[in-house]
Amino acid sequence: MNSAPGHRKDSVLSETRKKIVVIGSGPIRIGQGIEFDYCSVHCVWALREAGYDAIIVNNNPETVSTDFDTSDRLFFEPLTSEDVLNILDREEPEGVIVQFGGQTAINLARPLHEMGIRIFGSSYDSIDLAEDRDRFEKVLSELGIPKPAGRAVTNAEAAVTVASEIGYPVLVRPSYVLGGRAMEIVFAEEDLRRYMQYAVDVSPKAPILVDKYVLGKEVEVDVISDGVDCLLPGIMEHIERAGVHSGDSMAVYPPQSLSQDVIDQIVDSATRLARRLEVRGLMNIQFVVDNATNTAQVLEVNPRASRTVPYLSKITGIPMVRVATHVMLGKTLKEQGYVSGLHPNTGSISVKAPVFSFAKLAKVDIGLGPEMKSTGEIMGMDTQYSKALYKAMVASGIDVPTRGSMIATLADADKQEGAGVIRQFSDFGFDVYATGGTARYLKTVGIDAIEVKKLHEGEGNIVDLIKSGKIDLLINTLSSDKRIEREGTQIRRASVEAGVPCLTSLDTAQALLLALAARRGGEDFALATVDEYLAGTVN
Amino acid sequence: MPRDASIKKVLVIGSGPIIIGQAAEFDYAGTQACRALREEGISVVLINSNPATIMTDTEIADRVYIEPLNVEFAERVIARERPDGILPTLGGQTGLNLATQLAEAGIVDKYGARLLGTPLKSIRKAEDRHEFRELMREIGEPVPESWIVEEESQLDEPLKSGIWPLIVRPAYTLGGTGGGIAYNEAELREITRRGLSLSMHHQVMIERYLAGWKEVEYEVMRDANDTAITVCNMENFDPMGVHTGDSIVIAPSQTLSDKEYQMLRTASLKIIRALGIEGGCNVQLSLSPHSFDYYVIEVNPRVSRSSALASKATGYPIARVAAKIAVGLHLEEIDNAVTRKTLACFEPALDYCVVKIPRWPFDKFNVADRRISTQMKATGEVMAIDRAFEPALHKAIRSLEVGIYGLQSKASSKMSDVEIEEAIRIPNDERLWAITEALRRGVMVEEIHSLSAIDPWFLRKLKGMVELETEIKSQSSAILAASEAEETPPADVVSLLTRAKRAGFPDRSLSDLTGAVELQIRKLRKRLGIVPVYKIVDTCAAEFEAETPYFYSCYDSENEQ
């Protein structure tokens, strides 16, 4: 019989085997999806493989982790410290693992640690060092690792002072956030004051972070460390520039535009951070590569498994959760056959893309920004970047139009760059519709755009056009002008109701062009199993 | 009948990304199905675009394709792998739609494969409103007055009928996308237009809206030999009008009389037989709160979110059994993997209460429309098990991670009486706490019932919980003192604490209500021996000894090993 690793037939608990409790991730929500259930299940398998009895605590009925034969014992219970401590009182395990259940599990590290429970993997202090903004900043400066300039503030005046010191635009957010909640990019003092007044509850206990918004590529790595060696299975480069939440960005493995120098910086910083934070197991680091200085600056670290772990595991063939779990149990990376540094690239190219559920959520603005909005993700794999992009676009529900009609409405700041993108669509034979300002601009640069009325200009306006069924694509970049944005919101909602793909980032549009070119090229897309991609035996 | 030996290789279609209406339940179902097939020596080919799933691990399936879930790529996988069969009913609506498209395009036949499990004909009968309605008429099962509409001009008939309100449901969509309730002609036209544009088959059904009726579901299984069982039934806390995925759900049903329970069970079994389902299906029924009248609302001819919930609520692995049935096995030939002594043809029995609460994304989208109706908005859900409704509800609330641990929410405690009334009358994510707040303010159960149509049984339970909360508050100084003292507190305090824990009050709520430190309450409880015991979910109410260690806690007397 084929069976999963560590899947024993005898599920009766042995009195001699040692027990470890794995904390699950609770309900699926935006910012904490199925990937953490994937991680929890793999952790359970690794524990059983290592000869432990694995006990899981979770409350989500939809998952594999709460299947009756995944673990040695399943406790279908809330994930509060009270309920978990009750289980620990009964089971008296060696300890608990909190690295795989997302923020839900990591949040239990403190109360469990305070009750004297052993946390396997990175210690509570190590977790706190990564999560406490002040302590973490000291670590960065001690190691000489760059980060965007900025400080925590507790009132509006201080925020304005910091912003004028570091210069606009600034990224503002509450210091304790999950999935980028209440995060904004602010371009002017007036908006900063409005944000401080209305968007958040500020108090000395809940400071607001004001950081320089760095223009550049975002990059994300997951690190497995045993305290000495530090393995980076892969780097994922975001396709949308910084400012779009990492969970809402498309991302590609391996990176397509990073110089070797930047990659070296990333590996070096990640390795030194993992050692300094005494990481045992997994850590996720997000960088922004500053276009101006070509430096990789640290945006944040998560002292736990991240949403990219299942992706990189499948892409690289490194069973990341299993390796990390064995590290936590005391087996070094060397003993598991891994060495420090960045794992060599596999031959395939993989693109991860977000999937949204906007059709179900009336009134929600679909424009992308620092707050996460996607509910799920998919991946496209191929041997060429453009083909992997195409697959990712299609799999995420964008019916890649190879020709037809499109509408462009570009914010002033994006007109120049946007025109370059629109020109390529036009060259592909798309009819380009645009509203007043955008249409005039496109004409000045020689793109033959058909002008369409704005929303408030009466019948036959842009929304009517979207709803007419004649439009295959909408490119609508976000303006910092609130008056324009009110109309923008309605235009984007109309696209959702009419089922027209709407892109709010020029980077996504550029990616779509590449995918389109792959489709029109007429060459075959690869078709291979995950194993074949790994073995490099794809035609 | 032993399993069909001609099936050596099977293609399983996954459900793709997590979206509202399709969450992790299909990874759970798909993973179980892959394992069940491999137990039978069958080689499994898997296609799914979502790699963050256990089913796409090479430990679970033999050949894993991370490719887009569309006809083009699925055909190439079929052409390359030449599976003997395709299992379409485990990948949610996405998987089922793709399998249907492949079959209709002749691709399944072209490569010598066949669809396994429930025949396509049955799927069509269940999913096409017209065919379904016809079938229900044939077997004498009542369906609400309804009209199939494919263009706006066909609205004349429903308008002529004078029936209001009407509910609009698009055909072939996820989680009821594009549906809604219309109270007048303008709304009917608007919702119909939207529904038509979102339906894959450009078809909506317009139907009498059964305002205030109970919504009840049965999970049923049937094999090719026509043996059929019910796995469990579930009752929605929210009456008709709220999508099941957005409703608080209780299993087993709590407010049905035995006669009602049996009547609906009989109907469900009759329906699964009439449809010719081979595997699992979900039957949704609507029951009048005032008579024995009922209507059949809808059938899902596949595993679903509800079947995942039913599996976890009972311990009966619906997806596993459905996969075994698909390769020819009969219910009496399939082991119950929990007891390993009984067979899959035994109907589970529950000696506990299960509560599910949806998890909505409104913490992320503060501008979103927070009303809930026929269009699902939840991204996920939590489930809790306990001996009774009250503690199970309490557990489910604190599992949500929305900053609420018990019966009180900040938002509803700040609402005016008028706002509270509104929040009870029009379903929304805050309704449960609006109800407890109303009870706290002395509003009568009858009044809340007339506003919400929620069954008085549930409301009386909530009232009891709020009364207990008041009692705890009135004893707060005694509890606070006890939590700080070394000696044993008076007997009435011990009894109150015991009752509070049996009703599911977490230490955190006790701390909020009394001012005592949460950990001090924990210490006090432990000193007094007020600690939980753990019971086993064994599918058979302890009739047989279970071998699967699946536990829930309760403040009861006896531990089960």
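Undergrad: Where do I start with the overall build of chain B in this structure?
TA: Each helix and strand in chain B was counted, giving 21 helices and 18 strands. Compactness check: chain B gives a C-alpha radius of gyration of 25 Å against a globular reference of 24 Å for 561 residues, within 12% of the reference. Counting the 561 residues in chain B, one finds 64% classified as buried. Nonlocal contacts in chain B, meaning residues at least 24 apart in sequence, comprise 68% of its contacts between residues at least 6 apart. Across chain B, the mean location of the 65 positive side-chain charges is 3 Å away from that of the 82 negative side-chain charges.

Undergrad: Sorry if this is basic, but what is going on with the interface of chain A and chain B here?
TA: It is common to report an interface's size as the accessible area lost on association of the parts. The partner chain B presents 97 residues to the 87 residues of chain A that form the contact. On the chain A side of the interface with chain B, the three residues burying the most area are Phe 68, Lys 360 and Leu 527 of chain A, jointly 11% of the side's total. One can count 13 salt bridges joining chain A with chain B. A salt bridge links Glu 532 of chain A to Arg 80 of chain B; the shortest N-O distance between them is 2.9 Å. At the junction of chain A and chain B, the tally comes to 44 residue pairs in polar contact (both at pLDDT 80 or more). At the level of elements, helix H1 (35–49), strand S3 (73–76), helix H2 (81–91), helix H10 (309–316), strand S17 (376–382), helix H12 (385–395) and helix H18 (530–535) of chain A are the ones that each hand at least two residues to the side of chain A that touches chain B. A per-element tally of the side of chain A that touches chain B places H2 of chain A first, with eight residues. Bridge count for S3 of chain A against strand S18 (residues 550–554) of chain B is two bridges, and the pairing is parallel.

Undergrad: How should the state of the cysteines be read in this particular structure?
TA: Simply put, disulfide is the name for a covalent bond between the sulfur atoms of two cysteines. Tallied over the entire structure, the rule returns zero disulfides over all chains. Left without a disulfide partner, Cys 39 of chain A is nearest to the cysteine sulfur of Cys 43 of chain A, which lies 9.1 Å away.

Undergrad: Teacher, can you tell me more about the domain arrangement of chain A here?
TA: All names here are of chain A. Entries for chain A in the domain assignment read domain 1 (10–120), domain 2 (149–212), domain 3 (216–345) and domain 4 (358–520). For domain 3 and domain 4, the distance between their C-alpha centroids amounts to 32 Å. Together, the buried faces of domain 3 and domain 4 total about 1,600 Å²; carbon and sulfur atoms form 58% of this surface. One salt bridge connects Glu 417 with Arg 241, and the closest N-O pair in it is separated by 2.7 Å. One can count seven residue pairs in polar contact (both at pLDDT 80 or more) joining domain 3 with domain 4. Here the side of domain 3 that touches domain 4 gets three residues from one element, more than from any other, and that element is strand S11 (residues 235–241).

Undergrad: What should I look at first to understand the nonpolar core in this one?
TA: Counting residues in each nonpolar core, the largest one holds 110 residues, and the members touching the most others are Phe 100 and Ile 224 of chain A together with Leu 37, Leu 87, Met 221, Tyr 316 and Ile 385 of chain B. Setting aside anything within four residues of it in sequence, one finds Phe 100 of chain A in contact with Phe 36, Cys 39, Ser 40, Cys 43, Leu 282, Ala 305, Val 321, Ala 324, Thr 325 and Met 328 of chain A. Counting 67 residues, the second-largest nonpolar core is a separate cluster that includes Met 250 and Ile 349 of chain A together with Val 77 and Leu 98 of chain B.

Undergrad: What is the right way to read the packing of helix H16 (residues 445–452) of chain B against helix H17 (residues 456–474) of chain B from this model?
TA: The relative placement of two packed helices is expressed as an angle between their axes plus a distance between the axes. All names here are of chain B. For the pair H16 and H17, interaxial distance at closest approach is 10 Å and the crossing angle is 135°. One way to sum up the angle between H16 and H17 is to call them oblique. Every pair of crossing elements has a handedness; the one defined by H16 and H17 is right-handed. Judged by residue contacts, Val 445, Ile 448 and His 449 of H16 engage Pro 456, Leu 459, Arg 460 and Lys 463 from H17.

Undergrad: Is there a simple way to explain the pattern of salt bridges in this structure?
TA: A pair can form between side chains of opposite charge whenever their charged atoms are brought close. This model, assessed by the stated rule, comprises 81 salt bridges over all chains. A salt bridge links Asp 507 of chain A to Arg 241 of chain A; the shortest N-O distance between them is 2.8 Å. Here Asp 507 of chain A is found in helix H17 (residues 506–520), whereas its partner Arg 241 of chain A is found in strand S11, with 266 residues between them in sequence. When the shortest N-O distance is used, the salt bridge between Asp 4 of chain B and Arg 114 of chain B registers 2.7 Å. With Asp 4 of chain B in the segment before strand S1 (9–13) and Arg 114 of chain B in strand S5 (residues 114–115), the pair connects residues that are 110 residues apart, well separated along the chain. By relative accessible area, Asp 4 of chain B is classed as partly exposed at 23%.

Undergrad: Please clarify how a nonpolar patch on the surface should be interpreted in this entry.
TA: A surface patch of nonpolar side chains, amounting to about 250 Å² of accessible area, comprises Met 115 of chain A together with Val 517 and Leu 519 of chain B. Relative to the helices and strands, Met 115 of chain A is located in the loop between helix H4 (109–114) and helix H5 (124–131). On the basis of relative accessible area, Met 115 of chain A is assigned to the partly exposed category, the value being 37%.

Undergrad: Please clarify how the domain arrangement of chain B should be interpreted in this entry.
TA: Assigned domains within chain B: domain 1 (9–116), domain 2 (145–208), domain 3 (215–359) and domain 4 (407–461). A C-alpha centroid distance of 45 Å is found between domain 1 of chain B and domain 4 of chain B.

Undergrad: For this particular structure, what's the right way to read the sheet that holds strand S12 (residues 249–251) of chain B?
TA: Note on sheets: strands pair through backbone hydrogen bonds, and any given pair is parallel or antiparallel. Residues and elements named next belong to chain B. Here seven strands make up an open sheet; going across it, the order is S14-S13-S10-S11-S12-S15-S16 and the pairing antiparallel. With one partner strand each, in any of the chains shown, strand S14 (294–300) and strand S16 (380–386) form the two edges of the open sheet. Pairs of neighbouring strands in the sheet enclose a mean axial angle of 25°, with direction left out of account. Taken together, the two bridges between strand S11 (residues 228–236) and S12 define a ladder with antiparallel strand orientation. Each bridged residue has a counterpart across the sheet, and for Glu 235 the counterpart in S12 is Ile 250. Set on the sheet, helix H9 (residues 258–275) makes contact with strand S10 (214–222), S11, strand S13 (279–287) and S14; between it and S10 the angle comes to about 50°.

Undergrad: Help me understand helix H15 (residues 431–440) of chain B, please; the structure alone is not making it clear to me.
TA: Every α-helix winds through 3.6 residues per turn, so residues three or four apart in the chain are directed the same way. All names here are of chain B. Across the ten residues of H15, nine count as buried, placing the element largely inside the fold. Those residues of H15 not exposed but buried are Arg 431, Leu 432, Trp 433, Ala 434, Ile 435, Thr 436, Glu 437, Ala 438 and Leu 439. Buried residues belonging to H15 abut helix H12 (389–399), helix H13 (410–413), helix H14 (417–425), H16 and H17. Just downstream of H15, Gly 442 is the residue with a positive phi angle, here 90°.

Undergrad: Teacher, can you tell me more about the environment of Glu 190 of chain A here?
TA: Residue and element names in this part refer to chain A. Tracing the chain through its elements places Glu 190 in helix H8 (residues 189–199). For Glu 190, a relative accessible area of 65% gives the class exposed. Along the backbone, Glu 190 and Val 160 are 30 residues apart, and their C-alpha atoms lie at a distance of 9.3 Å.

Undergrad: What's the story with the sheet that holds S5 of chain B in this structure? I'm lost.
TA: All names here are of chain B. The strand order across the open sheet formed by five strands is S3-S2-S1-S4-S5, and the pairing between neighbours is parallel. Of all strands in the sheet, those with a lone pairing partner are strand S3 (63–65) and S5, marking the two edges. Here strand S4 (residues 85–87) runs beside S5; their pairing, made up of two bridges, is parallel. The residue of S5 that forms the bridge with Ile 86 is Leu 115. Its contacts with the sheet put helix H3 (residues 92–104) on S1 and S5, and the angle it makes with S1 is roughly 125°.

The rules behind these values
- Residues numbered from 1 in each chain as written.
- Chains lettered and ligands numbered in written order.
- Predicted model: local features only at pLDDT ≥ 70, side-chain atom pairs only at ≥ 80, totals over all residues.
- Heavy atoms only, no water.
- Helix = DSSP H or I, 4+ residues; strand = E, 2+ residues; numbered from the N terminus.
- Rg over C-alpha atoms; globule rule 2.2 N^0.38 Å.
- Buried < 20%, exposed > 50% of the residue type's maximum accessible area, 1.4 Å probe, protein only.
- Contact = heavy atoms within 4.5 Å.
- Lys, Arg positive; Asp, Glu negative; His and termini not counted.
- Charge placed at Lys NZ, Arg CZ, Asp CG, Glu CD.
- Buried area = accessible area lost by both parts, 1.4 Å probe.
- Salt bridge = Lys/Arg side-chain N within 4 Å of Asp/Glu carboxyl O.
- Polar contact = N/O pair within 3.5 Å; in protein donor to acceptor, adjacent residues only side chain to side chain.
- Pairing = 2+ DSSP bridges.
- Disulfide = S-S within 2.5 Å.
- Domains from an automatic or database assignment.
- Core = buried A, V, L, I, M, F, W, Y, C linked by side-chain atoms within 4.5 Å.
- Axes fitted to C-alpha atoms, helices over the stretch in contact; angles between N-to-C directions.
- Parallel < 35°, antiparallel > 145°, perpendicular 65-115°, else oblique.
- Left-handed = near helix turned anticlockwise from the far one by under 90°.
- Patch = residues over 30% accessible without salt bridge, like charges linked within 9 Å, V, L, I, M, F, W, Y side chains within 5 Å.
- Areas by Shrake-Rupley, 256 points an atom, 1.4 Å probe, with all protein chains shown as cover.

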